[in-house]
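# Report on the structure
Next come the chains, spelled out residue by residue.
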Amino acid sequence: MYQQMIFVNLATNDVDASKKFFTELGYTINPQFSTDDCTCVVISDTIIAMLLSKQRYADFTKKEIADSTKTSEVLICLSAESREKVDELVGKAVEAGGTANADVQDHGYMYGRSFDDLDGHSWEVVWMDPAAVQG
């Protein structure tokens, strides 16, 4: 069965700093698709974050590039296998220079937290009880 992938393209002020940040979260960099003006962050087999310098990002759009420290352009949500993994990933993000944001969302069957990366892009991390998802 074909596994559809998602490539999230985000503008960054500093490609090297973003590369270091996401490596510190435990993700790997695919050097085959990374250059001086972009880095390819492998989040999973089907999720890739392309972090592009603003000049490179502008090659793909005629729209103004959002200042993600002031404007929300996208909310990226990643699943986690447990509540502890939610806390672990957000903790790593803060230790790597990101900013925890919003309150903890605890609905019993769903638990989530979020952080902003070095450029202000918002990442949510959510665990859902598999029993609640099934029925």
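The structure under discussion appears in the preceding block.
What counts, and where the lines are drawn
Numbering of residues begins from 1 in every chain and follows the order in which that chain's sequence is written. In keeping with the predicted nature of the model, local features appear solely for residues at pLDDT of at least 70, side-chain atom pairs appear and are counted solely at 80 or more, and the whole-chain, interface and lining totals rest on all residues. As a rule here, side-chain values cover all heavy atoms of the structure and leave hydrogens and water aside. Each helix corresponds to a stretch of at least 4 residues labelled H or I by DSSP, and each strand to a stretch of at least 2 residues labelled E; elements are numbered beginning at the N terminus. Each polar contact in these results corresponds to two N or O atoms within 3.5 Å; when the atoms are within protein, one needs to be able to donate a hydrogen and the other to accept it, and residues that are neighboring in sequence are counted only if both atoms are side-chain atoms. The distinction between a cavity and a pocket rests on a 1 Å grid over the protein atoms alone: a 1.4 Å probe fits inside a cavity but cannot get out, while a pocket stays open yet meets protein on both sides within 12 Å along at least five of seven lines, and a residue with an atom within 4 Å of a point counts as lining. Grid points are joined across faces, edges and corners, and a volume is the space filled by probe spheres set on the points. Only protein chains enter the calculation, and the probe is 1.4 Å; a residue is then buried if its accessible area is under 20% of its type maximum, exposed if over 50%, and partly exposed in between. Arc definition: directions from the helix axis to the C-beta atoms. Whether two residues are in contact is decided by their heavy atoms, any of which lying within 4.5 Å being enough. Stacked, tilted and edge-to-face are the three classes assigned to paired rings of Phe, Tyr and Trp, where Trp is represented by its six-membered ring and a pair needs centres within 6.5 Å; plane angles under 30 degrees give stacked, over 60 edge-to-face, the rest tilted.

### What about the environment of Asp59?
- Inspection of the secondary structure assignment puts Asp59 in the loop between helix H2 (54–57) and strand S5 (75–79).
- Along the chain, Asp59 and Pro130 lie 71 residues apart, while their C-alpha atoms are 41 Å from each other.
- Here the side chain of Asp59 touches Arg56 through a polar contact of 2.9 Å, side chain to side chain.

### Some thoughts on the side chain of Ser68
- Take Ser68: it is sitting in the loop between H2 and S5.
- Side-chain polar atoms of Ser68 contact the backbone oxygen of Asp119, separated by 2.4 Å.

### Section: the layout of surface pockets
- Here the largest pocket defines a volume of roughly 260 Å³.
- Around the largest pocket, the lining is made up of 17 residues, and of these Tyr57, Ile65, Ala66, Glu73 and His121 lie nearest the centre.
- Per-element accounting of the lining of the largest pocket gives the leading share, 4 residues, to strand S1 (residues 6–12).
- Volume-wise, the second largest pocket comes out at about 170 Å³.
- Forming the walls of the second largest pocket are Leu25, Tyr27, Ser79, Ala80, Glu81, Lys85, Glu88, Leu89, Lys92 and Val125.
- Looking at the lining of the second largest pocket, the element that brings in the most residues is helix H3 (residues 83–95), giving 4 residues.

### Points about helix H1 (residues 15–24)
- Among the residues of H1, those classed as buried are Val15, Ser18, Phe21 and Phe22. Seen along its axis, H1 keeps its buried residues to an arc of 125°; they face one direction. Of the exposed residues in H1, the ones pointing more than 90 degrees away from its buried face are Asp16 and Lys20.
- Where H1 is buried, its residues contact S1, strand S3 (38–42), strand S4 (47–53), H3, strand S7 (110–116) and strand S8 (122–128).

### A few points about the packing of aromatic side chains
- Applying the stated criterion to the full structure yields 4 aromatic pairs.
- An aromatic cluster is built from Phe21, Phe22, Phe115 and Trp123, whose rings are joined through pairwise contacts.

### Thoughts on the environment of Asp117
- For Asp117, the location among the structural elements is in the loop between S7 and S8.
- You can call Asp117 buried: its relative accessible area is 6%.
- Sequence separation between Asp117 and Thr69 is 48 residues; the distance between their C-alpha atoms is 9.6 Å.
- Discounting residues that sit within four places of it in the chain, Asp117 has contacts with Phe21, Phe22 and Trp123.
- Within the local environment of Asp117, its side chain forms a polar contact with the backbone nitrogen of Asp119, the two atoms lying 2.9 Å apart.

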